[in-house]
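Here is how the chains run, residue by residue.
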Amino acid sequence: MKVTSLIFISLVSIATVNACTDVNATAGAGGVCFCNPGYYGTSTDVTAGGSCQECPLGTNFVQATVSGTTISSCICNDKNTVLNSGNTACQCKANFYGTANNAAGVASGCTAYPTYATSPAGSTVLASCTCPYTNAVLNAGNTACQCKANFYGTPTTSGVGGCTACQTNATSAADSTTLVSCTCPDINAALNAGNTACQCKANFYGTPTTNGASGCTTCPTGTNSSAGTTSIASCACPDTNASLNTATPPVCQCNANFYGTPTTSGANGCTACAQGQTAPAGSTTNVCKAASTSSTYILPIVSLVFSLVMLI
Ligand SMILES: *[C@@H]1O[C@H](CO)[C@@H](O)[C@H](O)[C@H]1NC(C)=O
Ligand SMILES: *[C@@H]1O[C@H](CO)[C@@H](O)[C@H](O)[C@H]1NC(C)=O
Ligand SMILES: *[C@@H]1O[C@H](CO)[C@@H](O)[C@H](O)[C@H]1NC(C)=O
Ligand SMILES: *[C@@H]1O[C@H](CO)[C@@H](O)[C@H](O)[C@H]1NC(C)=O
């Protein structure tokens, strides 16, 4: 009994003796020392200075059948994962999120993003996904992509026919689907007739803003303007023979060669000087005076000479 047992133990020992000096390698076909399961590289038995390195956590590699295997032979146990850039761990692959399940044979720890969204590899939470659509963002519940603020429409990948920018200086909330959702945030502005831009309302002048403070200023007292006026100079005095002066704020005054007080109704408040008389702009009383002789006599002479030249 004792002898047979010893022989048996000896035979088992001989059979299991590893012919490789590299402890992480096992002799395979032709006696070549290949790296063990879970190891990659080249054994010292094949290449002096070589070594079999352990695959990263969460990966597995069956017994090598070639020498000189690389880390890419180490496959993540979780099918929805890939090795990270440092080859130190498995992470969810692109368009998946979560935490890798490193154990073999268990359910994946990475969940696919909804079909509308994409994400880089290594994403851990649903909020990491983004919309692959032009000018679109994820909605608050991460359930769909929607046009971002100040755009309207339905997202498309190319952007064509997708989310279109609101009119110039108009804004909209995210998830606006139609143009009517775009409005002028400037309280003194409204969309122009062509529905292409916000403009200051009638009796205002300036450039609309989108930041809360109005960019449209009321025209000076007694003047009016049509919608879309950008300059104070375009705020008109209703009395057609009057214009704004240079005071601050400017007021309407009678034009040169008129005198009186402009009306705000458009009725005649400025009286023209008598024929041949002049008055400076802003005259409120009849200060009209005969024009200087030079213009009285020289102009007709110049006209006469000009007429003669034309006749020739
Ligand atoms: C064998 O693998 C172990 C575990 O990874 C490691 O610590 C050891 O250094 C390896 N031995 C050689 C000779 O490469
Ligand atoms: C209004 O639109 C014009 C032209 O696109 C732009 O230059 C300007 O910055 C806009 N203003 C605001 C406040 O958005
Ligand atoms: C300004 O008011 C006058 C008088 O009511 C009117 O005739 C004129 O058309 C108005 N101008 C503008 C630009 O609205
Ligand atoms: C402006 O002056 C002209 C010339 O005197 C006159 O014909 C016209 O009626 C005046 N218009 C107003 C609104 O006063």
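Residues numbered from 1 in each chain as written. Chains lettered and ligands numbered in written order. Predicted model: local features only at pLDDT ≥ 70, side-chain atom pairs only at ≥ 80, totals over all residues. Heavy atoms only, no water.

Asks: What's the story with the site of ligand 4 in this structure? I'm lost.
Replies: Asp239, Thr240, Asn241, Phe258, Gly266, Asn268 and Ala272 make up every residue found near ligand 4. Between ligand 4 and Thr240, the relevant distance is 3.4 Å, taken from a nitrogen atom to a side-chain nitrogen or oxygen of the residue. Residue Asn268 places a side-chain N or O atom 2.8 Å away from an oxygen atom belonging to ligand 4. Each residue belonging to the shell around ligand 4 can be placed in one class, and the counts come to 2 nonpolar, 4 polar and 1 charged. (Near = heavy atom within 4 Å. Polar contact = N/O pair within 3.5 Å; in protein donor to acceptor, adjacent residues only side chain to side chain. Nonpolar A, V, L, I, M, F, W, Y, C, P; charged D, E, K, R; others polar.)

Asks: Even after reading the chapter, I still don't get the site of ligand 1, so can you show me in this structure?
Replies: Near ligand 1 the following residues occur: Val23, Asn24, Tyr39, Cys52 and Glu54. A distance of 2.4 Å separates an oxygen atom of ligand 1 from a polar atom in the side chain of Asn24. Here Tyr39 contributes a side-chain N or O atom positioned 3.4 Å from an oxygen atom of ligand 1. Isolated, ligand 1 exposes 360 Å² of accessible area, and the fraction of that covered by the protein chains is 46%. Classifying every residue of the shell around ligand 1 gives 3 nonpolar, 1 polar and 1 charged. (Areas by Shrake-Rupley, 256 points an atom, 1.4 Å probe, with all protein chains shown as cover.)

Asks: Would you explain unusual backbone geometry in this entry?
Replies: Negative phi is the rule for most residues except glycine; trans is the rule for most peptide bonds. Look at the link from Thr248 to Pro249: it is a cis peptide, with omega at -5 degrees. Position of Pro249 relative to the elements: it lies in the loop between β19 (242-244) and β20 (252-254). A positive phi angle is found at Asn95, which is not glycine, with a value near 70 degrees. Within the fold, Asn95 resides in the loop between β8 (90-92) and β9 (96-98). With a phi close to 60 degrees, Asn195 is a non-glycine residue in the positive phi region. Among the secondary structure elements, Asn195 is positioned in the loop between β15 (189-191) and β16 (198-200). (Helix = DSSP H or I, 4+ residues; strand = E, 2+ residues; numbered from the N terminus.)

Asks: Quick question: what am I supposed to make of the state of the cysteines here?
Replies: One pass over the full model with this rule turns up 14 disulfides. In this model Cys147 forms its disulfide with Cys163; the gap between the sulfur atoms is 2.1 Å. Taking the sign of the torsion about the S-S bond as the criterion, the disulfide between Cys147 and Cys163, at about -85 degrees, is left-handed. Taken as a pair, Cys147 in strand β12 (residues 145-147) and Cys163 in strand β14 (residues 163-165) lie far apart in primary sequence, 16 residues in all. Comparing Cys147 with Cys163 shows no difference in burial state: the two are buried. Paired by a disulfide, Cys166 and Cys182 hold their sulfur atoms 2.0 Å apart. (Disulfide = S-S within 2.5 Å. Buried < 20%, exposed > 50% of the residue type's maximum accessible area, 1.4 Å probe, protein only.)

Asks: It is not clear to me how the side chain of Thr69 should be interpreted in this structure. Could you clarify?
Replies: Along the polypeptide, Thr69 turns up in the loop between β5 (59-60) and β6 (75-76). By relative accessible area, which is 11% here, Thr69 ends up buried. In this structure the side chain of Thr69 is engaged in a polar contact, spanning 3.0 Å, whose partner is the backbone nitrogen of Gly41. Contacts of Thr69, omitting those with residues within four sequence positions, involve Tyr40, Gly41, Phe61 and Ala64. (Contact = heavy atoms within 4.5 Å.)

Asks: Sorry if this is basic, but what is going on with the nonpolar core here?
Replies: Considering soluble globular proteins, one finds that nonpolar side chains tend to be buried as a cluster. Among the nonpolar cores identified, the biggest contains 12 residues, and these are Tyr97, Tyr113, Tyr116, Ala117, Cys129, Cys131, Ala136, Leu138, Cys145, Cys147, Phe151 and Cys163. For this core, the secondary structure elements donating two or more residues are β11 (136-138) and β12. Not counting the four nearest positions on each side in its chain, Ala136 is found in contact with Cys131, Gln146, Cys147, Lys148, Pro155 and Cys163. One finds Cys55, Ala64, Ile71 and Cys76 within the second-largest nonpolar core, a separate group that totals 11 residues. (Core = buried A, V, L, I, M, F, W, Y, C linked by side-chain atoms within 4.5 Å.)

Asks: Please clarify how the environment of Ser176 should be interpreted in this entry.
Replies: You can see Ser176 is positioned in the loop between β14 and β15. When its relative accessible area of 8% is taken as the criterion, Ser176 is described as buried. For Ser176 and Cys163, which are 13 residues apart along the polypeptide, the C-alpha to C-alpha distance reads 9.0 Å. Every residue in contact with Ser176, bar those within four places of it in the chain, is listed here: Cys147, Phe151, Tyr152, Gly153 and Ser181. In terms of polar contacts, Ser176 uses its side chain to reach the backbone carbonyl oxygen of Ala173, at 2.7 Å.

Asks: How do you make sense of the environment of Asn24 when you look at a structure like this?
Replies: Tracing the sequence through the fold places Asn24 in the loop between α1 (2-16) and β1 (25-27). When its relative accessible area of 21% is taken as the criterion, Asn24 is described as partly exposed. C-alpha separation for the pair Asn24 and Pro37, spaced 13 residues apart in sequence, amounts to 8.8 Å. For Asn24, the contacting residues outside a window of four places in its chain are Phe34, Cys35, Asn36, Tyr39 and Cys52. Separated by 3.5 Å, the side chain of Asn24 and the backbone oxygen of Cys52 make a polar contact.

Take it as geometry only, folks, not as evidence of what the structure does.
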